[in-house]
Amino acid sequence: LRRLVHDAWIAPNLLTSLQPDYLLMYRLHPLAPGRTRVVGEVFVHRATPDDAGLDEVFAFWDRTNAEDRAVCERQQLGMASRWEGGVYATSEDGTRAFDRWVASRLDAEPSP
């Protein structure tokens, strides 16, 4: 049995990850330049049994999100420095697509 995961980004601020047993969703709320509130939620079917191991799922995502948060906070500090750009790693195609999307919106003509 293949256990597939389907990730999707719905611009500009919704990230979803459909796991085999649950749906993981993140909503990003910009608060100020360099500051964003991230709300993460895990959805399971109401018929999911109490002994389905959800505590392990929550613990896994708590650890993963804490690690990601630390990386993002350090990256934000670097972006606030005199850094003038760089290249993307081949694994960062999602980040590159997001940056291009934002840039295209910044370059777009304003609506009347």
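Up top you'll find the structure we're talking about.
What you see is a predicted model; the values in this text were computed from it and never measured.

**Q** Would you take a moment to explain the overall build of the protein chain for this structure?
**A** For the protein chain, the count of helices and strands is two helices and four strands. In the protein chain, the succession of helices and strands from N to C terminus is β-β-β-β-α-α. In terms of overall dimensions, the protein chain is more spread out than a globule: its C-alpha atoms have a radius of gyration of 17 Å, far above the 13 Å expected for 112 residues. Counting only C-alpha atoms and orienting by the principal axes, one finds that the protein chain spans roughly 50 × 35 × 30 Å.

**Q** Would you explain a nonpolar patch on the surface in this entry?
**A** Side chains of W9, L15 and F98 sit close together on the surface and give an oily, nonpolar patch of about 240 Å² of accessible area. Among the secondary structure elements, W9 is positioned in strand 1 (residues 6-10).

**Q** It is not clear to me how helix 1 (residues 54-79) should be interpreted in this structure. Could you clarify?
**A** In an α-helix, one turn spans 3.6 residues; hence positions three or four apart end up facing the same way. With 26 residues, helix 1 extends 36 Å from end C-alpha to end C-alpha; this agrees with the ideal 38 Å at 1.5 Å per step. Of the residues making up helix 1, those classed as buried are L54, V57, W61 and T64. The inward-facing, buried residues of helix 1 abut strand 3 (23-32).

**Q** I'm lost on the pattern of salt bridges in this one. Help?
**A** Side chains carrying opposite charge are able to pair once their charged atoms draw close together. A full pass over the atoms with the stated rule returns three salt bridges. Taking the shortest distance from any N to any O, the salt bridge between D21 and R3 comes out at 3.1 Å. With D21 in the loop between strand 2 (14-18) and strand 3 and R3 in the segment before strand 1, the pair connects residues that are 18 residues apart, well separated along the chain. Using a relative accessible area of 55% as the deciding quantity, one classes R3 as exposed. A salt bridge links E41 to R27, with the shortest nitrogen-to-oxygen separation between them at 3.2 Å. Remark: R27 occurs in strand 3 and E41 occurs in strand 4 (residues 35-43); sequence separation between them is 14 residues. With a relative accessible area of 26%, E41 lands in the partly exposed category.

**Q** Even after reading the chapter, I still don't get the pairing of strand 1, so can you show me in this structure?
**A** Looking down a regular strand, the side chains alternate between one sheet face and the other. Bridging between strand 1 and strand 2 involves five bridges; their strand directions are antiparallel. What sits directly across from W9, in strand 2, is L15. Hairpin connection between strand 1 and strand 2: a loop of three residues separates the two successive antiparallel strands.

**Q** Would you mind showing me how to read the sheet that holds strand 4 here?
**A** Pairing between the strands of a sheet comes from backbone hydrogen bonds, and it takes one of two forms, parallel or antiparallel. One open sheet holds the four strands; their spatial order is 1-2-3-4, and the pairing between them is antiparallel. Each having just a single partner strand, strand 1 and strand 4 make up the two edges of the open sheet. With strand direction ignored, the average angle separating the axes of adjacent strands in the sheet is 15°.

Criteria and cut-off values
One numbering rule holds for all chains: residues counted from 1, following each sequence as written. Totals for whole chains, interfaces and linings use all residues, but because this is a predicted model, local features are given only for residues with pLDDT of at least 70 and pairs of side-chain atoms are given and counted only at 80 or more. With hydrogens and water excluded, all non-hydrogen atoms of the structure serve as input to the side-chain values. In this description a helix means any DSSP run of H or I spanning at least four residues, a strand means any run of E spanning at least two, and both kinds are numbered starting from the N terminus. Here the radius of gyration uses the C-alpha set of atoms, whereas the globule reference equals 2.2 Å times the residue count to the power 0.38. Patch membership is restricted to residues that have no salt bridge and whose relative accessible area is over 30%. Joining uses 9 Å for like charges and 5 Å for the nonpolar side chains Val, Leu, Ile, Met, Phe, Trp and Tyr. To be clear on the numbers: accessible area is Shrake-Rupley with a 1.4 Å probe, and residue cover counts the displayed protein chains and nothing else. What makes a salt bridge here is a side-chain nitrogen of Lys or Arg within 4 Å of a carboxyl oxygen of Asp or Glu, nothing more. The span expected for a helix works out to 1.5 Å for each residue beyond the first. Classification of residues uses two cut-offs on accessible area relative to the type maximum, computed with a 1.4 Å probe and protein chains only: under 20% is buried, over 50% is exposed, and between them is partly exposed. For this analysis, residues touch if any pair of their heavy atoms sits within 4.5 Å. Whether two strands pair depends on DSSP finding at least two bridges between them. A fitted line through C-alpha atoms serves as each axis, taken over the contacting stretch for helices, and the angle formed by two N-to-C directions is quoted from 0 to 180°.

Shape is all these values report; function is a separate question.
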